[in-house]
Amino acid sequence: MIELYTGPTPNGQKVAIALEELGLEYRGHAIDILKGDQLTPEFLAINPNNKHPAIIDLDGPDGEPMTLWESCAILVYLAEKTGQLMPDDPVQRAQMMQWLFFQASAQGPMSGQYAHFAFYAAPEHQYPYAAERYLNEMNRQLGVMDRHLQNKDYFLAEYSIADIALLPYAMSSLRASRVERPNVQAWVKRLSERAAVIRGLAIMLDQTRDETIAGGMKGYGAAHRDVLFGDKQFAERG
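Residues numbered from 1 in each chain as written. Predicted model: local features only at pLDDT ≥ 70, side-chain atom pairs only at ≥ 80, totals over all residues. Heavy atoms only, no water.

**Student:** Quick question: what am I supposed to make of the overall build of the protein here?
**Tutor:** Within the protein, the regular secondary structure consists of ten helices and four strands. Each helix and strand of the protein, ordered N terminal to C terminal, gives the series β-α-β-α-β-β-α-α-α-α-α-α-α-α. The C-alpha atoms of the protein give 18 Å as radius of gyration, which agrees with the globular expectation for 238 residues (18 Å, within 12%). Overall, the protein is about 50 × 45 × 30 Å in size when its C-alpha atoms are taken along their principal axes. (Helix = DSSP H or I, 4+ residues; strand = E, 2+ residues; numbered from the N terminus. Rg over C-alpha atoms; globule rule 2.2 N^0.38 Å.)

**Student:** Which parts of the structure should I look at to understand the side chain of Glu211?
**Tutor:** Structurally, Glu211 can be placed in the loop between helix H8 (195-201) and helix H9 (222-229). For Glu211, a relative accessible area of 14% corresponds to the buried category. Only 2.9 Å separates the side chain of Glu211 from the side chain of Arg209, close enough to count as a polar contact. (Buried < 20%, exposed > 50% of the residue type's maximum accessible area, 1.4 Å probe, protein only. Polar contact = N/O pair within 3.5 Å; in protein donor to acceptor, adjacent residues only side chain to side chain.)

**Student:** So what exactly am I meant to see when it comes to the packing of aromatic side chains here?
**Tutor:** The geometry of two aromatic rings is summed up by the distance between their centres and the angle between their planes. In total, this model carries seven aromatic pairs according to the counting rule given. Ring centres 5.6 Å apart and planes at 55° place the aromatic pair Tyr154 and Tyr159 in the tilted group. In terms of burial, Tyr154 and Tyr159 fall into one category: buried. Each member of the aromatic cluster is reached from another via a ring pair, and the members are Trp99, Phe102, Phe155 and Trp187. Seen from the ring of Tyr159, Arg194 lies directly overhead, with NZ or CZ sitting 3.8 Å from the centre. (Phe/Tyr/Trp six-rings, centres within 6.5 Å; stacked < 30°, edge-to-face > 60°. Lys NZ or Arg CZ within 6 Å of the ring centre and 35° of its normal.)

**Student:** Sorry, what's going on with the pairing of strand S1 (residues 2-6) here?
**Tutor:** Consecutive residues of a regular strand have side chains that alternate between opposite faces of the sheet. In terms of burial, S1 is a largely internal element, five of the five residues being buried. Residue alternation in S1 divides its side chains into two sets, Ile2, Leu4 and Thr6 and Glu3 and Tyr5, and both sets are buried. Here S1 pairs with strand S2 (residues 26-30) via five bridges, running parallel. Its bridge partner being in S2, Ile2 is matched across the sheet by Tyr26. Taken together, S1, helix H1 (residues 10-22) and S2 constitute a β-α-β crossover, and its handedness is right-handed. (Pairing = 2+ DSSP bridges. Right-handed = clockwise from strand over helix to strand, strands pointing away.)

**Student:** Honestly, the nonpolar core in this entry has me stumped. Any pointers?
**Tutor:** The tendency in soluble globular proteins is for nonpolar side chains to be buried side by side. In this structure, Ile55, Leu78, Met145, Ile161, Val184 and Trp187 are the most contacted members of the largest nonpolar core, which totals 49 residues. Listing elements by their share of this core, those giving two or more residues are S1, H1, helix H3 (71-82), helix H4 (90-120), helix H5 (128-148), helix H6 (161-176), helix H7 (182-192) and H8. Considering each element in turn, this core owes the most residues, nine residues, to H6. Here Trp187 is in contact with Met145, Leu149, Asp153, Tyr154, Phe155, Asp163, Leu166, Leu167 and Ala170, once residues within four sequence places are set aside. (Core = buried A, V, L, I, M, F, W, Y, C linked by side-chain atoms within 4.5 Å. Contact = heavy atoms within 4.5 Å.)

**Student:** Looking at this structure, I do not really get the packing of H4 against H5. What am I missing?
**Tutor:** Helix-helix packing: each pair is described by the crossing angle between the helix axes and the interaxial distance. H5 packs onto H4 with a crossing angle of 150° between their chain directions and a minimal axis gap of 8 Å. As judged from the angle between their axes, H4 and H5 are roughly antiparallel. Crossing of H4 over H5 shows left-handed handedness. Two secondary-structure elements touch here, H4 through Trp99, Phe102, Ala106, Gln107, Met110, Ser111, Gln113, Tyr114, Phe117 and Ala118 and H5 through Ala130, Ala131, Tyr134, Leu135, Glu137, Met138, Gln141, Val144, Met145 and His148. In terms of residue class, the contact of H4 with H5 is made up of 14 nonpolar, five polar and one charged. (Axes fitted to C-alpha atoms, helices over the stretch in contact; angles between N-to-C directions. Parallel < 35°, antiparallel > 145°, perpendicular 65-115°, else oblique. Left-handed = near helix turned anticlockwise from the far one by under 90°. Nonpolar A, V, L, I, M, F, W, Y, C, P; charged D, E, K, R; others polar.)

**Student:** It is not clear to me how the packing of H4 against H6 should be interpreted in this structure. Could you clarify?
**Tutor:** In contact at an axis separation of 9 Å, H4 and H6 are set at 25° when each is read in the N-to-C sense. As summarised for this structure, H4 and H6 are arranged roughly parallel, according to the angle between their axes. Considering the relative orientation of H4 and H6, their crossing is left-handed. Residues Met96, Trp99, Leu100, Phe102, Gln103, Gln107, Gly108, Ser111 and Tyr114 of H4 form the contact with H6, whose participating residues are Ile161, Ala162, Ala165, Leu166, Tyr169, Ala170, Ser172, Ser173 and Ala176.

All quantities given are derived from atomic positions and should not be read as evidence of function.
Below you can see the structure in the form of structure tokens.
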């Protein structure tokens, strides 16, 4: 059994999709970041970096419980645990890691910065330049992905955790983007028809808050910003 701590976000969806694809038994625990669940002592004992998703594998290496955070690290762990969704060929494996690092260092952070300046920052800090800068970078990254996917079904020779890692943020980036990316769009459609992907994308959807982008930003305000980006977020914790 794997305990999954997450919310209805792209990073959580990545892990849920992998768990579904791999057929691993798991139990979901909702983390409400607007309420501050990520800052509680209980959650910080699981992830001292106060971000979700995080997992506890009750049947980890040598049968001992294993706690892990950072979504791409979790994907690698799950793929290695099962021997699935990860190529054996060393070249393909290196390219898989390349795309995982691209996702973790570029795709996810740039999308997050766009969302911050376009939606979550205080009105006096929603600088048009900042939002435009990150939107342009998201579009550039989609172009990199689109060119790679020309005449390809997946990012590697076969479906892998590289595709799973890139999918949720690609979907949100396409919604924000003003540029057509036909190869990425075809790839998204192809993956979105997989039963495990459908189930994974639905993780915690019933927990979606009205104050988020997905909920329409209804009622979002200073108290929420304090938890996410203010004194409550940056308070020192022992």
